[in-house]
Structure formats: C-alpha cells, structure tokens
Amino acid sequence: MEAALDQIIAELLCTDTARIRQATNELNKAYENPETLPALCRIVVSNRETQIRQFAAVLLNKRLQKLRHWQLVPAEQKESIKTGMLQALVTENEKSVKNSIAMLIGSLVRHEQEKKDSWMAELLNFIYSRCSSEDPKESELGSSIFATLTDCAPDQFVCHMDSISQMFATVLLAAEAKGDLTTPTIVNISMGMASLMPFVTGHITAEQTVLKVLPLIIKMVYAFAQKGDDEQFSIVFDVIDTIAEYVPKLLNNNVKPLVEFCLATASNQQVDESIRVQVVSFLGRIVRIKKKVLVKQKLLEPILGVIFEMMCCETDMEDADEIFLGENTNNPVSAATQTLDLMAINISPEKLIPPLLQLLEPALQNADHLRRRGAFLCIAVIAEGCSEAICNKYMQVMLNIIKGGIVDASPMVRIAAFFALGQFSEHLQPDISKYASDILPVLFDFLQQLSAELKMGKPEPKHTDRMFYALETYCQNLEENIVPHLPLLMERLFETLEPQNSPHLRVMALSTISAAALAAKEHLMPYFPKIVEILQVYLVKDCEEDMMELRNEAIDTLASITRVVGKDNFIPLANDTMAYCLMMLSEGPDDPDFRRCIYNLMGALSIVVNESMSTVFPKIMDRIIESVISTDDILPISKASPTPNFPGDTGSEQDIDLDDTDGEDDDEEGGYQVENDFVYEKEEAITTLKDFATNTGAAFAPYLQTSFENVYKVIEHPHDNIRKIAIEALCAFVTALNKLGDGDGVKRASSIIMPKFAHIIRNDDEQTVVIHLLDVLGVMFNDVKHLAVPTQEIADLIFACIKDVLNNKIACQFNEPSGAGDEEDIEDSEFDELLMENAGNLLPQFGKALNPEVFSMYFGRLFQFFLNKLNKAKKNESADQRTFAYGVLAESFQSLGSCIPTYFDTLCPIFIGGVNDPEAKARQNCYFGLGELVLHGEEKSFESFAVILQALSGAIASETNPPALDNICGAVARMIVINHNLVPLAQVLPVFLSNLPLREDVDENDMILKAFEVLYMQARPTILDHLEQILAVIIHSLHKNQMPDQEGKLRAVAFLKEISAQYADKYNNVANSSPEVYNFLQTL
C-alpha cells in the first residue's frame, strides 16, 4: 500500500496537470481501502524526504478534517492514528512536517471535543506534565507541542483557558525560582499564550491569573532584552503586545512598571537595536490605549526624554521624510519619531508641548547637528496632532525657528527643517497661509539658487527633495493668496523643468505646478499653454525607464489642471486627452502606479465632459472595478510554513468551516502586508468611481449598482485610506441615485450601508476613519434628506452611534479608566475633540433626514447632555467646549422646526447670556442661534423679540470680530423675515446697513437678501431712503461671488432688475458709482 501511495504522492507533486488529475482519481479510489490512512501515517513518520512526509500529513488532514470521514474510521484505527500522530508530533524535528501534523491533530481535537472522554483533556495532561517536568528536554518538548498546536488550532483551547493560564503561571514561577527566565520552554509557552490571548476575555479566572503574573511577565521580557536574542525577545514580548491589543484592562495596574521597562530598554544602547525599536514602538500603542494612566502617573516627561534621545541618534537615512514616512521603521530614529507622532495625536497639546519645548530649546542651540536635526523632526511630527495649539500659541515662534533651520550649516538639519515646514504647510491650514509673504520669498530664493547651481554644473543639494515638499504643500493650500506670487513661482519652476535637469528634479517641479494649479484654479490660465506644451513632451506611449516617473507625474499634473482651469478652457483638449487615456489603459505598462495616474486623469476629465463619458464607460469600467476588488495589495503574512495545495479540489470537496470564519480577517495588522502601489491604485480607482457618480449624471446610472457592490466589498480593508475613500464613494453613489430621482434605490442602498457605517463607528479603532465617516455622513444627510434614513431602526442605529461617541463608548476612544479617579479632568487630544465635534455636528445634519417630531424625540435625549457640557465648560473656562455646545444646539434649531417652542424658554436665556462670552467663536454661534431660534420658533419667539433685539443691539455696538458681526446681521435679518412689524426699523435699519456687506461668513447673504425682499414687498416706505445702500450690498455679494448657491444668485439678480425697473435713478446712481461696478452689471 505504501508503495502505491508513494507513487500517487510523487504524481501529485509534479507539474503536469494531466498526471495530477489522474493521481487525484487514484487517491480517491485508494481512500476506499481501509489500509490507506494507516499507510499515510506510516509515511509521515518514515525517513522519507521532508516534502513527501509533509504532504502525507496534509493529505491525512484534508481527508480527516471532514467529520463524516472521521466518523467512518473504525474505533481501533482512530486510537492508533491519535496516538501515532501525537507521538510523531513529539519526535518530529522538521518544522514544516511538525506544523502539518499539528494541523491534523487540531482537526481531530475538533471532532473529539463533544465526547465525554474528550481527547483534548488527555492532550492537555500530556502537555502539562511535560511542561512542568524538571527535565529541561521534556519541558521544552511539551512547550513546543503546546506552541505548535495553539498556533494551528487556537480555538480548540478556549474552554481550557483557566487551566492553561495556570500552567503558564506555574512554569514562569518555577523558572524564576531556578533563576533563569530565558529558557526555550519559556519561549515556547509564551508563543502559545500569545496565540491564545485574544480568547482570554470573559474567562475571569484566566484574567486574574494573567494579572497576577504580569509583573513576572515584565521581568521575563526584561531578561530576554538583556540576553539580546532579538528573535526570542520578539516571541516573548508578543505576550505583552497581545494583552495590550485584546485585554488592555489587565495592564491598568502595571502601566508604570511596563513603561519603565520600555524606557530602560530603549535608552540602553548596549541592547540590540531591533529590541529597542520594538519597545519604543510598543510605547506608541500604550500611548493610544492608556493615555489617561500615563498622564495621571506623570510618565509623559520620561517617555518624551527617551524618545527625544533616540531621535538624536546617528542614522544612515539622510532623508527626514523617510525617517518619518518611509517603510523602514526598523531603526531607533524612525521608531521614536513615529511614537512621538502617536503621542501628538493622542495626548492633549497642553500636556505634551511644554515639556517637549524644554527639550527642544537647548537642542536647537546645541553644536551637535544630530540634536538640532532631532529638534526639527520633533517640530515636524507634532504638527498634525497639535495643529490648533500651534496655530493659537506657537506659530510665529516656531516658523522663525524653522526659517533659521533651513539655512543651517548642516545639510541634515536643513532637510529636517524643510520637512517641518512641509508638515506645517500640510496641517496648519488656513492659519499658515497668512505668513506667505514671510515664507515664499525664502523658498523662491532657494529655487533660484538651485537653478543657478545647476547651470554651473553643481550637483543637486541634499535638501532639494524636502525643499520641494515644503514649497508644494505650502502652495497647494494658499487658494487665491497664491495669485500675487504666481509670476515668480512659475518662472522659477519653468527654469527647473529645462530638459538638461534630472528627471527626478523635473518630477518635483511638475508636482509643484500641480499644487499651484489646485490653489490658483482659473488664475493659472496665463501659464496654461506653456504647461501643456511641456506636458506633451512626456505624454507618450513608450519611454525609457528613467522617464517613467516623469510620465506618471505629467499625467497627474494634467489631471490637476483639468480639475481646476474650468470646463470651457479645457474642452478643446478633452478628446485627445481621453484618447490617450484609453490607449494607455489598454496598451500601456502593466503597472499599478501608472494605472493610478490614468484613473486620476479620467476622473478629472469627467468634470469637463460630464454625460459625454457614456461612450467611454463600456471601455474602462471592467478594468477600474478589477482594481477596486483586486487582492494584489494584500499579501497574507504566513506564520507557519506554506502548505501545498491539495490538487484536484472540486467544489464538493472544498472544506470551508462556516462556523469558524468570524475572526479570520480580524488581525489585520498582524495578518497582512499591504503593498503601497497597489493600495494607491485601489484608492484612486474608488476615487474615480466617486468622480464619475458625482459628475456624469445619467451616463453613470447603468454602473451605479456594480460600483456600489464592489466598493462595499472593500469597506473593511486593512488600510485606513481605503476604508475612508470607500465610505466617501458609497455616500456619493447614494447621492447620485437621489439626483437621478431613484428614491427606491436610495432607500435600498441606505438600508445596506447604514448598519455597516454604524458597525464601523463602533468598532473601527482608527480614529481618523470614524472622524471622516461622521463628516461624510453629515454631508449625505444634508443632500439626500429623508430617504437616507428609510426606517426607524436605522434612525435608532445612527442616533445610538452619535450618543455613544459623545459618551466615549466606541472602540477608537480606548476609554479605559486610569484607576486614579477624575477621568474628566484629563484634557482630550485634538483628535479626541475633533471626533466629539463631528459626532455633535452630525446631530443637526441627522435631523435634516427626519421630520421635526421624530428629531425632537432624539434631540430631547441629548438636550441635557449639551446643557451640562455648556455649564461645565463655563466652570472650566473651556472656550472650545462652549463654542461646540452653542454650535450644535444652534444648528439643530432648523431641524427641530415646529418643535422649537418645546425648548424655547430654556434656550433663549442661555443664548442671550452667550452673547457676552469672552470667546468670539462662541459669541458668533450665539448670535446665529438667536436668529435661528426666532426664525423657527415663529409666534413663540414674538414675546421675546424686545429682549433679543436689546441683546443684539448691545452686541453690535461692541463686537469687533468680523464673522461674529456677520452673524449679528444674520440674526437681525431673520427677525425681519419672521416679523418685521416687531422690529423698530427706523432705529435698526441704519445700524444694520452700516455693518453690511458681510466680511467673512458670506453664507448669511442668503438671509440678508430674504430680509431685503421682505422689506421691499411689505414695508417699502421704510427702506426707500436706504435703497442705494441695499443695492450696493447686493451688487457686492454678486460681484464677489458670495451668494451661497445658484438659486440665491438668481434671486439677487431678479431683485436688482425689479429695482432698476421701479427706481431707475437710484439704480443708476449705484451702477455709475465706479467703472468696475458698471462693467460688472453689464455682465448680468
């Protein structure tokens, strides 16, 4: 029998499909012979080649993992297989064979666990007795079997967690008593415990056991760190890592010793570098999940001290951007930099920045360039997490420091300083734009100097990449403020694009033109012909390898320009551009980054050609969908040796255990390796579908369902950027269905995505994903209204999510108690606050998808929460929290509509009191709230008109903040609209008009126009003397394009025409007041 099986296995392992098929048939026949299974067992334990023995174990498992096949095996043979394979597991030395045997034993344990004399108990006794043995070889063997089985079949050990945890504790205590915590037995048993830690939750005894030995576990990992074997350290440290991930509450009383261990190890340069990297990276995880404990136990300063010292280490990576953003985090500088980034995102700036500045100030003056570089890296990486605090308190000081850094004598310091400037440009918008006159001349000087040096034949300076990064990010966010700087910027960039310069330099120049285009929009038109002329050189079918990056950048630059220069300006190029896209998609390189560029350009073209995309869709949609659902971007990281596929598998023979698939994709970070270029291709493919849905109307209707279905498949992708863009695209598809008038389609789609969105809000542990989802969902409720919430169940789901975010109950808030009381006194990080704000802001937007009575029911449940928050913010002098509470309440009044009277008497005095708030943004929200309260409270508000007008009158006399003044005007306008008879117009109108036109909050122009229309129709005599002022205000808002929507523009133009017909002299006086006004009015 064995000889026949040897022949079958040899045929199955060959590469000839026909022979494999024949061998598969022979194997199926062989299984009819009762001697086949014992013969395969004998092959597994024979001295044959490793591959043959492993494959025999795989065949056994494939056969016996099906319960029906195991039930057909005679009882005597079952015992023989169990005993034989357990013995084989003990004696086998080859890891691949051992793992395959363990997989088989795991399957058999599954089948046997229901029996009274469960084989699992026998197996555990076998493991326990050996692990506890005084003989080191015996204990190593037992622990090795434990590690292998828990790796292959962890779920089979779950109901034995209590006794397994006790065994772990016993082995640790015995090792400590012998004075050696670094034995192979400890390594193996730690590996097994790390596999089981996800299942500890709920097993109270097991939790208590692990908790008791945690100090010993910390002592154990410290011993391995001192030993210096990074592979063994990684295995044992995984126990602590998995506790932090799956049962973080167990760490509460041990955070301090754990952090002290990490700091001692990270700062000890005698310890192996990769071990230091692991512990400092783990500190980042602790910061995320235990920030309250760290603050309470005063551990932030020691952590910052060690991290900063690591950031000042020597490194062979010259580029600061690589240190922070690169894939290589296996060096102390990168790991420390990323941990500081996590601290900035998760810790309040008030706690983080002051101690950090104490480290930075001496470092910036230090003669050692590594310390100066470390200081600039710190400034760079806190920009995202501490953006608001930097803008409010530190901007000017830090910018002056950065300006000093970019002219430092050390190239390494200059690189880090440019990186800091780029990070500031990216994350401190719009505040940093005010410093354009300080920053841009410095960057332009560097560009000029670069150009001059290149003409003289000198090499590109090392800081060139970071200088372009700073320039590009700064320009991209300047909006119209870039216009005065365009002539000099474009002149410098055109010089850099000369063909004699390196392709990489030209890539950076094109990328900066792309950024400038996004800011300048139609103001780029004077340079458009020359840019197109330059791009055409690179937009070719075939090119040399060193020019491929340049071609990709040229396509991206053309896409940016297409999006912003205006439909009429780009339409002459549209056909040729689309033809190029179609040719390159079918005949161009099979490269994910290249496809990403083409998708980007096609998405941009949809803005220009709109429904004319209908002829293109049949040629491109299959390829785009393929990129969306492709798995090229996710490679499983296999813990065990790869198992050969069973050849000739048919549908009926595939073994998918549906009861055991729930957690398969849970361990995303540990289980997958995400390949960047494929991720970016997928992200762009989804973005392109979103563009098509938004821009091409009915042309995309036939593709909405397939786009929806396929994007929905990747909504839980391991990469957070894919999850974010998938959320955005799904909302865009629903909005597109709504625009097409497909109400049933909107309801069906909403019924699918809303429960999924609720699941993501509750369970996604990446804060930025939840923040983005809350934001995008609000926009969709605004656009789609009632159809977006088709059932009461969905309304309950969404409300429960909003409430839970506000109460700190969702996964990404890591709301573990610090164990020190006064939880509320610990300041939130800026990201924590943004998450709260977005949940609060979603409440009134959610109201737009409900009728007032239903929304009032939900609002009533959170009403007291916001009043309490407001009272607490007044006591704590927290301006941001007062602003937030006033804002959410004020924005909710429109959705409450006819239900406002229920809350009027409580809210009116609160908002009147708020007009004296010391914070301008809080006052602004109160003025807006009073106006909305009156507008939607209607008759209920009439009795309070006098007191509200008195409050606004006092405010307008003393208010100096421009947006706040605009909102006073908006509130007065609402009072006029709802009941002009109760407004003393003779006194109010002159003051009202003297504060117009609006300065910043131009959305209020719609209400200002409505007030003018009401007065003109219903109280014309009172405004005749002010008609020219009113005309000037309306003309200004039209000329500056400050009407909030197209309908408002049309109403404003119609109003002007009405006045010009009725009061031509007054109209002509205003029209002829300046050539600019006259010329503008001619265009209307």
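Preceding block: the structure.
Attention in this report is confined to the structure presented alongside it. Note that the structure is predicted; figures quoted are calculated from it, not measured. (Residues numbered from 1 in each chain as written. Predicted model: local features only at pLDDT ≥ 70, side-chain atom pairs only at ≥ 80, totals over all residues. Heavy atoms only, no water.)

**Section: the nonpolar core**
So, step 1. The biggest cluster of nonpolar side chains holds 393 residues, and the ones touching the most others in it are F424 and F992.
So, step 2. With sequence-adjacent residues up to four places away left out, F992 is seen in contact with C969, V972, A973, I976, I1008 and F1012. (Core = buried A, V, L, I, M, F, W, Y, C linked by side-chain atoms within 4.5 Å. Buried < 20%, exposed > 50% of the residue type's maximum accessible area, 1.4 Å probe, protein only. Contact = heavy atoms within 4.5 Å.)

**Topic: the packing of helix α37 (residues 743-763) against helix α39 (residues 792-806)**
Geometry of a packed helix pair, given as the angle between the helix axes and the separation of the axes.
So, step 1. Interhelical geometry of α37 versus α39 gives an angle of 20 degrees and a closest axis separation of 10 Å. With respect to α39, the axis of α37 lies roughly parallel. The way α37 lies across α39 gives a crossing that is left-handed. Facing S750, S751, M754, P755, A758, I761 and R762 of α37, the residues of α39 in contact are I794, L797, I798, A800, C801, D804 and V805. (Axes fitted to C-alpha atoms, helices over the stretch in contact; angles between N-to-C directions. Helix = DSSP H or I, 4+ residues; strand = E, 2+ residues; numbered from the N terminus. Parallel < 35°, antiparallel > 145°, perpendicular 65-115°, else oblique. Left-handed = near helix turned anticlockwise from the far one by under 90°.)

**What about the pattern of salt bridges?**
So, step 1. Taken as a whole, this structure holds 40 salt bridges when the rule is applied.
So, step 2. A salt bridge links E79 to K82, with the shortest nitrogen-to-oxygen separation between them at 3.1 Å. You can see E79 and its partner K82 sitting in helix α6 (residues 75-91), three residues apart, about one turn around the helix.
So, step 3. According to the relative accessible area criterion, E79 is partly exposed, its value standing at 42%.
So, step 4. The partner of E309 in a salt bridge is R371, and the shortest N-O contact between them spans 2.7 Å. Within this pair, whereas E309 is found in helix α17 (residues 300-311), its partner R371 is found in helix α21 (residues 369-385), the two being separated by 62 residues in sequence.
So, step 5. Residue E309 is classed as partly exposed on the basis of its relative accessible area of 40%. (Salt bridge = Lys/Arg side-chain N within 4 Å of Asp/Glu carboxyl O.)

**Describing unusual backbone geometry**
So, step 1. Between Q429 and the following residue, P430, the backbone shows a cis peptide bond with an omega angle of -5 degrees.
So, step 2. Mapped onto the elements, P430 comes out in the loop between α23 (411-427) and α24 (436-455).
So, step 3. A cis amide bond links L996 to the next residue, P997, at an omega of 5 degrees.
So, step 4. Structurally, P997 can be placed in the loop between α48 (985-994) and α49 (1005-1018).
So, step 5. Positioned with a positive phi, K785 is a non-glycine residue whose angle comes to about 60 degrees.

**Quick word on the layout of surface pockets**
So, step 1. Roughly 310 Å³ of volume is contained in the second largest pocket.
So, step 2. In terms of lining, the second largest pocket is formed by 18 residues, of which the most central are S133, S139, K178, T183 and T185.
So, step 3. Taken together, the elements giving at least two residues each to the lining of the second largest pocket come down to α9 (136-152), α10 (161-178) and α11 (184-196).
So, step 4. Broken down by element, the residue count for the lining of the second largest pocket peaks at five residues, all from α10.
So, step 5. Among the residues making up the lining of the second largest pocket, the classes are represented as seven nonpolar, six polar and five charged. (1 Å grid on protein atoms, 1.4 Å probe; cavity = no way out; pocket = protein on both sides within 12 Å on 5 of 7 lines; lining within 4 Å. Points joined across faces, edges and corners; volume = space filled by probe spheres on them. Nonpolar A, V, L, I, M, F, W, Y, C, P; charged D, E, K, R; others polar.)

**A short note on α37**
So, step 1. Under the 1.5 Å per step criterion, the end-to-end length of α37 is 30 Å for 21 residues, consistent within 8% with the ideal 30 Å.
So, step 2. When the local axis directions of α37 are compared, the greatest deviation, roughly 25 degrees, occurs at S750.
So, step 3. Of the residues making up α37, those classed as buried are G745, V746, A749, S750, I753, M754, K756, F757, A758, I760 and I761.
So, step 4. In the core, the buried residues of α37 are packed alongside α35 (701-713), α36 (720-739), α38 (767-784) and α39. (Expected span 1.5 Å × (residues − 1). Bend = angle between axes of the 7 residues up to and from the residue.)

**Examining helix α53 (residues 1064-1071)**
So, step 1. Of the residues making up α53, those classed as buried are Y1067, V1070 and A1071. Down the axis of α53, the smallest arc covering the buried residues is 100 degrees, so these residues share one side.
So, step 2. Summarising the contacts, the buried residues of α53 are in contact with α51 (1027-1039), α52 (1046-1062) and α54 (1075-1083). (Arc of directions from axis to C-beta.)

**Section: the side chain of H111**
So, step 1. Mapped onto the elements, H111 comes out in helix α7 (residues 95-112).
So, step 2. A distance of 3.4 Å separates a polar atom in the side chain of H111 from the backbone oxygen of Q65.
So, step 3. Here H111 is in contact with L64, Q65, K66, L67 and W70, once residues within four sequence places are set aside. (Polar contact = N/O pair within 3.5 Å; in protein donor to acceptor, adjacent residues only side chain to side chain.)

**Describing the environment of D828**
So, step 1. Of note, D828 is situated in the loop between α39 and α40 (830-847).
So, step 2. Note on D828: relative accessible area 30%, which makes it partly exposed.
So, step 3. Separated by 121 residues in sequence, D828 and L949 place their C-alpha atoms 37 Å apart.
So, step 4. Ignoring anything within four residues of it in the chain, the contact list for D828 reads S348 and E833.

**Details of empty space enclosed by the protein**
So, step 1. Under the criterion given, the structure shown has two cavities of 30 Å³ or more.
So, step 2. Volume-wise, the largest cavity comes out at about 40 Å³.
So, step 3. Those elements giving two or more residues to the lining of the largest cavity turn out to be α49 and α51.
So, step 4. In terms of residues, the lining of the largest cavity owes the most to one element, α49, which gives four residues.
So, step 5. Across the lining of the largest cavity, the residue classes tally to six nonpolar, two polar and no charged.
So, step 6. The computed volume of the second largest cavity comes to approximately 30 Å³.
So, step 7. In terms of lining residues, the second largest cavity is bounded by L399, I402, K403, I406, L421, I439 and V442.
So, step 8. Ranked by residue count, the leading element in the lining of the second largest cavity is helix α22 (residues 387-405), at three residues.

**Structural notes on the packing of aromatic side chains**
The description of two aromatic rings rests on the distance between their centres and on the angle between their planes.
So, step 1. In this structure the tally under the stated criterion is 29 aromatic pairs.
So, step 2. Taking the centre distance of 6.3 Å and the plane angle of 50 degrees together, the rings of F528 and F570 count as tilted. With F528 in helix α28 (residues 528-538) and F570 in helix α30 (residues 567-587), this residue pair connects regions lying 42 residues apart in the sequence. Exposure class is identical for F528 and F570. Each is buried. (Phe/Tyr/Trp six-rings, centres within 6.5 Å; stacked < 30°, edge-to-face > 60°.)

**Remarks on the packing of α40 against helix α41 (residues 852-876)**
So, step 1. Packing of α40 against α41 brings their axes to within 10 Å, and their N-to-C directions diverge by 160 degrees. Compared by their axis directions, α40 and α41 come out roughly antiparallel. α41 is crossed by α40, and the crossing has left-handed handedness. Contacts from G840, L843, P844, F846 and G847 of α40 reach α41 at F855, Y858, F859, L862 and F866.
So, step 2. Partitioning the contact of α40 with α41 into residue classes produces eight nonpolar, two polar and no charged.

**Re the state of the cysteines**
So, step 1. As enumerated under the stated definition, the model contains zero disulfides in all.
So, step 2. Note on C899: no disulfide assigned, nearest cysteine sulfur contributed by C908 at a separation of 18 Å. (Disulfide = S-S within 2.5 Å.)

**Some words on the side chain of E959**
So, step 1. Checked against the element boundaries, E959 lands in the loop between α46 (945-958) and α47 (962-979).
So, step 2. A distance of 2.7 Å separates polar atoms of two side chains, one belonging to E959 and the other to Y927.
So, step 3. From its side chain, E959 meets the backbone nitrogen of N961 in a polar contact 3.0 Å long.
So, step 4. In this view, E959 contacts R923, Y927, A964, L965 and I968; residues no more than four positions away in its chain are not counted.

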